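Chain and residue survey
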Amino acid sequence: MATKLPSVPVLIVGMGWMGGILSAELTKQGVKVVALERGKPRQMEDYYMVHDELRYFFRYEMMQDLSKETITFRNTEKMTAVPMREFGSFLMGEGLGGAGVHWNGQTLRFLPYDFEIYTKTVERYGKRKIPEGMTIQDWGITYDELEPYFDKFEKMAGISGDPEENPLIGRRSSPLPTKPMIRTPALKRFEEAAKKLGYHPYMMPSANLSENYTNPDGITRAACQYCGFCERYGCEYGAKADPVVTVIPVAQQTGNLELRSYSNVTQVLHDGKKARGVLYTNTITGEQFEQPADVVILAGYVFTNVKLLLVSNIGKKYDPATGKGVIGKNYAYQTGGGSAVGFFDDEEFNLYAGAGSLGMEVPDFNGDNFDHTDVNFIHGSGIRISQTGFRPIATNSTPAGTKQWGKAFKQASIKYANRVLTVAQQGSSMPWRHHYMDLDPTYKDVYGLPLLRITFDFEEQDRQLVKFMAAKTKEIMQEMGPTSIGSNDQLGPYNIVPYQSTHNTGGAIMGADPSTSAVNSYLQMWDMENLFVVGASAFPHNSGYNPTCTVGALAYRAAEGIAKYLKQGSGLVL
Ligand SMILES: Cc1cc2nc3c(=O)[nH]c(=O)nc-3n(C[C@H](O)[C@H](O)[C@H](O)COP(=O)(O)OP(=O)(O)OC[C@H]3O[C@@H](n4cnc5c(N)ncnc54)[C@H](O)[C@@H]3O)c2cc1C
Ligand code: SF4
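Just so it is clear, the structure is predicted and the values come from calculations on it, not from any experiment.

1. With respect to a nonpolar patch on the surface
A surface patch of nonpolar side chains, amounting to about 250 Å² of accessible area, comprises Leu54, Phe58 and Ile393. Following the sequence through the fold, phenylalanine 58 ends up in helix H2 (residues 53-58).

Set out below in structure tokens:
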């Protein structure tokens with residue numbers, strides 16, 4: 001029997017970037033907020049001198065406990081899905097700050113093309129360019145409408161970079177708040193090669209601060225030390241923008257945030273029209289609580305957001321047979337592969353130094369930045385070099401043909417530790433009618449609820465894209481002058497075992513039409529006006545850039561929508 005608690009004005013499920021931004025924006029306006037986070041509390045001091053690869057990289061210290069909650073996966077509807085029992089393709093975060101603590105910080109805005117992908121594709125190439133079964137749709141908001149919120153996110157996080165270097169982006173209202181990070185010899189080599197080929201390389205916009213910075217909320221953070229233990233680790237200097245050192249303290253200082261850790265939400269309570277609150281379990285004591293609220297915000301990442309909607313029976317469930325319904329629709333990922341690895345026998349690049357978003361990006365082949373008339377795919381990829389820091393256990397690249405064990409491997413691994421550069425592509429991912437999320441009929445979580453099931457595979461569109469991009473990455477690498485190159489332009493079926501990226505999207509998508517989308521452009525549920533679903537679950541497709549800048553912008557817009565809703569008292573926010 002759940003203990004019923006006194007009602008609160010706003011309740012947030014999950015305290016990653018989304019929960020953090022929403023709690024800061026609402027509490028600053030005097031709104032009382034209760035936030036429920038299933039994981040533990042965290043602070044910057046937790047990371048002093050803990051560059052422990054076993055603990056953080058291989059044993060996933062910062063990630064969700066898969067013995068309690070996971071997803072099931074299958075490539076096609078004909079298969080039986082099985083649970084992901086070990087981390088592989090993606091790494092869901094847990095604890096205060098969520099995955100925002102162990103992310104890299106690569107902070108790129110999606111392109112204007114992304115937000116109007118259907119309209120712009122048809123305008124330029126005609127309807128026949130969109131293959132049967134590909135369910136791309138416009139987002140119900142334009143890039144220009146979202147621009148002020150991108151700007152807010154970047155200023156809050158102190159993003160480093162110089163947009164002037166990149167002519168292939170949307171309109172901006174202001175420059176980035178801090179200068180670009182250091183151009184290392186490896187990055188310069190990439191830049192020279194890409195420029196020789198006529199491309200437009202630019203320093204990757206970075207949430208690892210290039211210099212000390214004080215943001216508009218008065219939060220001061222120190223510059224990055226290029227320690228190289230960034231992705232999958234917390235930052236001991238606070239140089240990496242994460243929710244724990246930026247937005248959450250702002251919310252806490254207002255006195256209007258009550259944060260409850262170890263609180264796992266299992267259900268959204270509602271009467272069919274409005275959310276009444278949530279049911280949650282204290283993960284330490286096992287006690288159950290009912291927390292009533294006037295407004296409920298789901299900010300638990302794509303998988304939790306979609307699962308809570310499905311288990312709580314909210315919105316119309318997506319049916320791949322008819323293409324009707326919206327909850328679970330348009331799951332998308334990103335398309336990896338196609339990188340070119342260069343081995344430089346006679347040069348060293350000091351690759352032990354690095355940062356999560358120290359890199360350069362070529363924008364020429366992303367979105368609709370190039371003519372797609374003669375290719376069999378739409379959209380594209382960001383092409384990039386990253387210097388994230390080679391770590392002694394995790395990084396062991398050796399040329400093709402090297403034995404993967406024993407003396408020969410050790411010698412090659414030591415020799416190449418500082419002599420391997422990779423030009424990679426990060427491919428967009430289009431939605432398809434038969435890529436979706438629903439509830440697994442067999443497997444359950446520790447609370448007895450069905451696991452979320454993902455049905456997804458790579459398509460011919462993805463194979464064509466990787467083939468095209470592999471030629472580009474190889475071309476750039478050749479120009480960089482390595483001794484030998486390893487590359488592969490083939491893309492097999494999607495395999496959930498190796499790590500690829502934690503850029504999952506869709507399932508509660510935004511749009512202008514309630515029959516084809518779950519939420520409006522303020523991420524307010526069409527079917528339940530006091531329920532807001534915030535995160536990349538709102539993306540109708542995924543781009544060739546990292547998602548968090550765009551999700552962050554949407555969270556700022558959602559915060560504005562929630563404030564409007566609280567003021568008007570009822571109805572959809574326009
Ligand atoms: C290794 C790695 C590197 C990345 N690098 C980049 C990058 O360079 N650039 C980029 O743009 N993106 C990157 N990302 C993605 C980025 O981290 C996410 O886009 C972002 O953190 C999502 O924020 P969120 O608030 O939606 O979700 P999360 O950060 O996942 O936060 C959700 C929170 O909700 C909590 N929660 C979940 N379910 C429940 C529940 N039932 N009850 C209570 N609480 C719950 C979780 O514990 C978690 O704390 C990376 C991700 C990973 C894993
Ligand atoms: S590389 Fe920079 S931002 Fe990343 S953890 Fe190290 S000091 Fe922090």
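2. Some thoughts on helix H9 (residues 406-416)
An α-helical turn contains 3.6 residues, so a residue and the one three or four places further along point in the same direction. Turning to H9, its buried residues number three or more, namely Phe409, Ala412, Ser413 and Tyr416. Angular distribution of buried residues about the axis of H9 spans 100°; they occupy a single face of the element. Seen from the open side of H9, the exposed residues pointing more than 90 degrees away from its buried face are Lys407, Lys410 and Ile414. Turning to H9, the residues buried within the fold contact strand E13 (340-343) and strand E16 (420-427).

3. Considering the pattern of salt bridges
Following the criterion strictly, the structure yields 30 salt bridges and no others. Its salt-bridge partner being glutamate 191, residue arginine 183 comes within 3.0 Å of it at the nearest N-O pair. Close ionic contact of glutamate 361 with arginine 384 constitutes a salt bridge, the shortest N to O distance being 3.0 Å. Taken together, the residues glutamate 361 in strand E14 (residues 359-362) and arginine 384 in strand E15 (residues 381-386) connect sequence positions 23 residues apart. For the pair glutamate 361 and arginine 384, one class covers both residues: buried. A single network of salt bridges, built from pairs that share partners, joins Glu25, Lys28, Lys152 and Asp217.

4. What about the pairing of E15?
With 5 of its 6 residues buried, E15 lies for the most part within the structure. Here E14 runs beside E15; their pairing, made up of 4 bridges, is antiparallel. Residue glutamate 361 lies in a different strand from E15, and its bridge partner there is arginine 384. Inspection of the sheet shows E15 paired to E16 by 4 bridges, in the antiparallel sense. From the neighbouring strand, serine 381 faces E16, where its bridge partner is glycine 427.

5. Focus on the site of ligand 1
Of all residues adjacent to ligand 1, which total 35 residues, the nearest are Glu37, Ala99, Gln106, Thr304 and Thr548. The backbone of glycine 95 places a nitrogen or oxygen atom 3.1 Å from an oxygen atom of ligand 1. A distance of 3.4 Å is found between an oxygen atom of ligand 1 and a backbone nitrogen or oxygen belonging to glycine 100. With the chains in place, 98% of the 1,000 Å² that ligand 1 exposes on its own is no longer accessible. Partitioned by chemical class, the residues of the shell around ligand 1 number 13 nonpolar, 18 polar and 4 charged.

6. Notes on the UniProt feature "domain: Glucose-methanol-choline oxidoreductase C-terminal" (unreviewed entry) in the chain
UniProt's entry tags residues 438-555 with the feature "domain: Glucose-methanol-choline oxidoreductase C-terminal" (unreviewed entry), counted in the numbering of this structure. The distance separating the terminal C-alpha atoms of residues 438-555 is 25 Å; by composition the span is 25% helix and 21% strand.

7. Topic: the sheet that holds strand E4 (residues 71-74)
Pairing is mixed across the open sheet formed by 4 strands, whose spatial order is E5-E4-E18-E17. Edge positions in the open sheet fall to strand E5 (82-83) and strand E17 (436-444), since each of these has one partner strand only. Sheet strands in contact with helix H8 (residues 301-311) are E4, E17 and strand E18 (450-455), and its direction is about 115° off that of E18.

8. Things to note about the nonpolar core
Counting 164 residues, the largest nonpolar core has Phe90, Ile297, Phe303, Met480 and Leu531 as the members making the most contacts within it. If you tally residues by element for this core, the top one is helix H11 (residues 548-568), at 11 residues. Once you skip the residues sitting within four places of it in the chain, methionine 480 turns out to touch Ala186, Arg189, Phe190, Ala193, Phe344, Ile385, Leu421 and Val423.

9. Observations concerning the packing of aromatic side chains
Here the structure, examined in full by the defined rule, presents 34 aromatic pairs. Note on phenylalanine 115 and tyrosine 143: the rings are 6.4 Å apart at their centroids and 50° apart in plane angle, and the pair reads as tilted. Of this pair, phenylalanine 115 sits in helix H3 (residues 112-115) while tyrosine 143 is found in helix H5 (residues 143-157), placing the two residues 28 residues apart along the sequence. Residue phenylalanine 115 shares its accessibility class with tyrosine 143, and that shared class is buried. Seen from their ring centres, phenylalanine 456 and phenylalanine 458 are 5.8 Å apart, and the 80° between their planes marks the pair as edge-to-face.

10. A closer look at the UniProt feature "domain: Glucose-methanol-choline oxidoreductase N-terminal" (unreviewed entry) in the chain
When the UniProt feature table is mapped onto this chain, "domain: Glucose-methanol-choline oxidoreductase N-terminal" (unreviewed entry) is found at residues 141-331. With 24% helix and 19% strand, the stretch residues 141-331 has end C-alpha atoms that lie 19 Å from each other.

11. Concerning the side chain of serine 501
Relative to the elements of secondary structure, serine 501 occurs in the loop between strand E19 (484-487) and strand E20 (524-525). What serine 501 contacts, discounting residues up to four positions off in sequence, is Ser89, Phe90, Tyr333 and Gln334.

Rules used throughout
Sequence positions are assigned chain by chain, starting from 1 and proceeding in written order. Both sets of labels track the order of writing: A upward for chains, 1 upward for ligands. Thresholds applied to this predicted model are a pLDDT of at least 70 for local features of residues and 80 or more for the giving and counting of side-chain atom pairs; totals over whole chains, interfaces and linings are not thresholded and use all residues. Working from all heavy atoms in the structure, the side-chain values ignore hydrogens and water. Residues enter patches when they are more than 30% accessible in relative terms and free of salt bridges; like-charged ones are connected within 9 Å and nonpolar ones (Val, Leu, Ile, Met, Phe, Trp, Tyr) within 5 Å. Accessibility throughout is a Shrake-Rupley quantity obtained with a 1.4 Å probe, and a residue counts as covered only by protein chains that appear here. The salt bridge definition used is simple: a Lys or Arg side-chain nitrogen within 4 Å of an Asp or Glu carboxyl oxygen. The secondary structure listing takes helices from DSSP runs of H or I that are at least 4 residues long and strands from runs of E that are at least 2 residues long, numbered from the N terminus. To sort residues, take the accessible area from a 1.4 Å probe on protein chains only and compare it with the maximum for the residue type: under 20% means buried, over 50% means exposed, and anything in between is partly exposed. This arc is taken over the directions from the axis of the helix to the C-beta atoms. Two residues qualify as a contact provided that any one of their heavy atoms is within 4.5 Å of a heavy atom in the partner residue. What makes two strands pair is DSSP finding at least two bridges between them. Throughout this document, a residue counts as near a molecule or strand when at least one of its heavy atoms sits within 4 Å of that molecule or strand. Think of a polar contact as two N or O atoms within 3.5 Å of one another; within protein, one of them needs to be a possible hydrogen donor and the other a possible acceptor, and neighboring residues in sequence only count if both atoms come from side chains. Classification used: nonpolar for Ala, Val, Leu, Ile, Met, Phe, Trp, Tyr, Cys and Pro, charged for Asp, Glu, Lys and Arg, polar for all others including Gly. UniProt positions are given in the numbering used here, feature names are shortened, and annotations may be inferred rather than shown by experiment. A fitted line through C-alpha atoms represents every axis, and for helices the fit uses only the stretch in contact; the resulting angles, taken between N-to-C directions, go from 0 to 180 degrees. Here, the term nonpolar core denotes a set of buried Ala, Val, Leu, Ile, Met, Phe, Trp, Tyr and Cys residues that are joined through side-chain atoms within 4.5 Å. Two rings from Phe, Tyr or Trp (for Trp, the six-membered ring) form a pair when their centres are within 6.5 Å of each other. A pair whose planes differ by under 30 degrees is stacked, one over 60 is edge-to-face, and the rest are tilted.

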